[in-house]
Each structure stands twice: as structure tokens, then as C-alpha cells.
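Geometric and topological summary
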Amino acid sequence: KAPLSKSLLLVPSAISILLTLLFQHYQKFFAYNLQAIKEDFQIWRLVCGRTICLDLKDTFCSSLLIYNFRIFERRYGSRKFSSFLLGAWMLSALFDLLLVEIAEYIFGITINSLPSGFLGPVFALFVPFYSSIPRVQVTQVLGHFSITNKTLVYILGLQLLTSGSYIWILALSGLVSGICYNSSILKVHRILCVPSWVAKIFSWTLEPIFSSAEPTNEVRVGMGATVDIQRQQRMELLDRQIMMSQVAQMRRQRQQQGGMINWNRLFPPLRHRHNANYQDHHPSEQDTPPPTEVSEEQVARLMEMGFSRGDALEALRASNNDLNVATNFLLQH
């Protein structure tokens, strides 16, 4: 469900590899030469120079970041995601020129060229990533430094930031453009957006090429990175179920033997329900609480994050239809 992310991952990377290995004499057409733009009015370099990376390290890091940021296309849809990229791409081009002029005016630094590639929108995506993706702690290093589900993405961004001498200008312009577009300053999202007819044309032509087929059967997928970790998670879940069953059996035996605490007096509805479950193994319709109504929109958002429908329904019911709590629960279990 992320054809645009897949196209940005495959097409620019393939062109960058071809330019580096086979067609090196064509690299000059994709250089982000600011001097040629300002003096020779080669405006086309704003398009070619800000699309294809000429450094394979930048290509690798930006591709990994686009792969991680594909969650926004699944959440917002391809048209809204492409509108964000288009707006950030155009705004970052303006901020690039402004920052170069500011650096030359204040620090006396003459910058004739900048690193090429689709880097401005990639840095702009860190803004919604920081503000909208929940932070879940995975582990701790040395007892003080927390490792979360977002740490690897920030490390990749730092690696991309340190790959060139003037790439900090692209990073700063991308972050500023992302803030402007994400916070709706001056209604930028209404002006710089992809028209519906353009989105339909690309949906008819390019989406069948880059889209993947949906799975036929819904399978419970663990959160582990390997089969062993997934198997371990299922075993831990089975152990918890067995432990709860043993605790319930011990309570039942204690009640039959006459325990010191009168559970029927303290929690009569709860004990009555447990006794009915253990004696009949078929709870009546009056004892069974009505299921919590679950929003299909929130179920769809959890499924877009990669969870199955059964897990999404169970998590939303357990969290009383709270999307954030359900997301954290699914990420931790």
C-alpha cells in the first residue's frame, strides 16, 4: 500500500547506481550547481540536481529512510503523501538559496554547489516522524540510555547529515519546509498540493507497476525480526495463558475448600461469573458483557501499520477504543 515510496526507493537508486558505474560522463547534468543556476539561469538544475544522488552513501541512507517513512503513505494515502513531498521539495529549494545567501553574507562563505539528491523532502519527513509516531522503549544501554523504536531512524539521519560538507544546509532547509507544511503555516498545504486529476493519472498508470498484491489469508505475524524471536514470543504468550489458567484453578480449589476470605461477599458479580465459567464452561448471554464497539477507521489505521485485523480488534477492545494505547500495546507484545 505504498507504491510512491517503492518508486522513490527503486527508480532514483537505480539511476544513481547507473550514473556512478556506467554513465559517469552524464553526472554533470545532475549536479546541484548553484553558480550555474544564478549566473547562467539554468533553472532545470533545480529539478535534476535535487532528484538523483551522485554519492552512493547518500543514496543508501536516503533509501533506508524512505523505506522507514513509508508508514506515512499508508497512513495518509498516496495523494496526501505526494503532496507533502512536493510541497517540501519546492519549499526546500527556496530555503536552499536563502541559506546560501545568508551564509555568504554573515560568514563570508561562498558556496557554488550543494550535494545533489532527493534530500530536502527526506529531512522534511523527520518532522511528522517526530510529532506523530509514538515512542516505544525497546531496551536500555548502560542503564541510562534508552533505545526506542525510533533510534535507528535518527541514527540514519545523523549518518546522512555527516556525509557531506554542506549537507547541513539541505537538512536545515528540509526541516524548515517540513515544519511549514506540517503546521499549515500560510496555508501551504492548500497551495502546494497534487491535483486530484494528476493523482488519478498516476494511479492508473504507475500504481499497478509498483503496487504489491495484498495477502490472501490474514496470518498472525509476530513483531520479531527472525523466526526464532517470533516463536519465542508465541511461547511466552502460551506460558502466560497457562499461568493464568493455573491461578484460576487454584482459586477455584481454595473456594471449594473454604478459604479465609469471603470472595462472594467482596466481589459477588465477578465470582458468580467465574463460577459459571468453571462449572458450565458455557457462559450465559446475561453474564457475558457486551463487546466494545470498535471504530473501523482505527482498525484500518492499525492494519496500515502492519498489524492483522484480529490483533487490531483485540487491542482496541482491550484499550477501550484508544488508538495510542492500542498501538503501544501491539508494539510491546
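Residues numbered from 1 in each chain as written. Predicted model: local features only at pLDDT ≥ 70, side-chain atom pairs only at ≥ 80, totals over all residues. Heavy atoms only, no water.

1. What about empty space enclosed by the protein?
Using the criterion set out here, one finds two cavities of 30 Å³ or more in the structure. In this model, the largest cavity occupies a volume close to 110 Å³. In terms of lining, the largest cavity is formed by Leu8, Pro12, Ser13, Ser16, Thr51, Ile52, Cys53, Thr59, Ser62, Ser63, Ile66 and Phe118. Where the lining of the largest cavity is concerned, the elements lending two or more residues are α1 (3-21) and α4 (56-68). Looking at the lining of the largest cavity residue by residue, the classes come out as six nonpolar, six polar and no charged. Roughly 30 Å³ of internal volume is contained in the second largest cavity. Residue lining of the second largest cavity: Tyr32, Arg50, Trp89, Pro115, Gly117, Leu119, Gly120, Pro121 and Leu170, and that is the complete set. When residues of the lining of the second largest cavity are assigned to their parent elements, the largest contribution, three residues, is made by helix α7 (residues 119-124). Taken together, the residues that form the lining of the second largest cavity break down as six nonpolar, two polar and one charged. (1 Å grid on protein atoms, 1.4 Å probe; cavity = no way out; pocket = protein on both sides within 12 Å on 5 of 7 lines; lining within 4 Å. Points joined across faces, edges and corners; volume = space filled by probe spheres on them. Helix = DSSP H or I, 4+ residues; strand = E, 2+ residues; numbered from the N terminus. Nonpolar A, V, L, I, M, F, W, Y, C, P; charged D, E, K, R; others polar.)

2. Comments concerning the pattern of salt bridges
The final tally for this structure, using the stated rule, is three salt bridges. A salt bridge links Asp96 to Arg50; its shortest N-O distance comes to 3.6 Å. Taken together, the residues Asp96 in helix α6 (residues 78-106) and Arg50 in the loop between α3 (45-48) and α4 connect sequence positions 46 residues apart. The two residues Asp96 and Arg50 agree in class, both being buried. (Salt bridge = Lys/Arg side-chain N within 4 Å of Asp/Glu carboxyl O. Buried < 20%, exposed > 50% of the residue type's maximum accessible area, 1.4 Å probe, protein only.)

3. A closer look at the layout of surface pockets
Put simply, the second largest pocket is a space of about 860 Å³. Lining the second largest pocket are 26 residues, and of these Leu4, Ser7, Leu8, Ser82 and Phe202 lie nearest its centre. When residues of the lining of the second largest pocket are traced back to their parent elements, those giving at least two are α1, α6, α12 (196-205) and α13 (207-210). It is α1 that contributes the most residues to the lining of the second largest pocket, seven residues altogether. In terms of residue class, the lining of the second largest pocket is built from 19 nonpolar, five polar and two charged.

4. A closer look at the side chain of Arg45
Following the sequence through the fold, Arg45 ends up in helix α3. No salt bridge is formed by the buried Arg45; its nearest oppositely charged neighbour, Asp40, is found at 7.1 Å. Within the structure, Arg45 has its side chain in polar contact with the side chain of Gln42 (distance 2.5 Å). Beyond its immediate sequence surroundings of up to four residues, Arg45 is in contact with Lys28, Phe29, Ala31, Tyr32, Asn33, Ala36, Ile37 and Arg50. (Lys, Arg positive; Asp, Glu negative; His and termini not counted. Polar contact = N/O pair within 3.5 Å; in protein donor to acceptor, adjacent residues only side chain to side chain. Contact = heavy atoms within 4.5 Å.)

5. Some remarks on the nonpolar core
Among the nonpolar cores identified, the biggest contains 44 residues, and Leu65, Phe69, Phe72, Leu114 and Leu160 are the most heavily contacted of them. Taken together, the elements giving at least two residues each to this core come down to α2 (34-39), α4, α5 (70-76), α6, α7, α8 (126-132), α9 (151-161) and α10 (167-182). With ten residues, α6 is the largest single contributor of residues to this core. Apart from residues lying up to four places away in sequence, Leu114 is in contact with Tyr32, Leu34, Asp96, Val100, Tyr166, Ile169 and Leu170. With eleven residues, the next largest nonpolar core counts Val294, Leu302, Leu316 and Leu323 among its residues. (Core = buried A, V, L, I, M, F, W, Y, C linked by side-chain atoms within 4.5 Å.)

6. Some remarks on the confidence of the model for the protein
For the protein, the mean per-residue pLDDT works out to 77, and 74% of the residues sit at or above 70. Confidence over residues 221-225 falls short of pLDDT 50; this stretch has twelve contacts with residues more than four positions distant or in other chains. Within the model, the stretch residues 259-288 combines pLDDT values under 50 with 20 contacts to residues more than four positions away or in other chains. (pLDDT = per-residue confidence, 0-100.)

7. Structural notes on the packing of α1 against α6
Contact geometry of α1 with α6 gives a least axis separation of 9 Å together with a crossing angle of 45°. By the angle between their directions, the pair α1 and α6 is classed as oblique. Counting all contacts with α1, which are made through Pro3, Leu4, Ser5 and Leu8, the residues of α6 involved are Ser78, Phe81, Ser82 and Leu85. Looking at side-chain class alone, the contact of α1 with α6 contains five nonpolar, three polar and no charged residues. (Axes fitted to C-alpha atoms, helices over the stretch in contact; angles between N-to-C directions. Parallel < 35°, antiparallel > 145°, perpendicular 65-115°, else oblique.)

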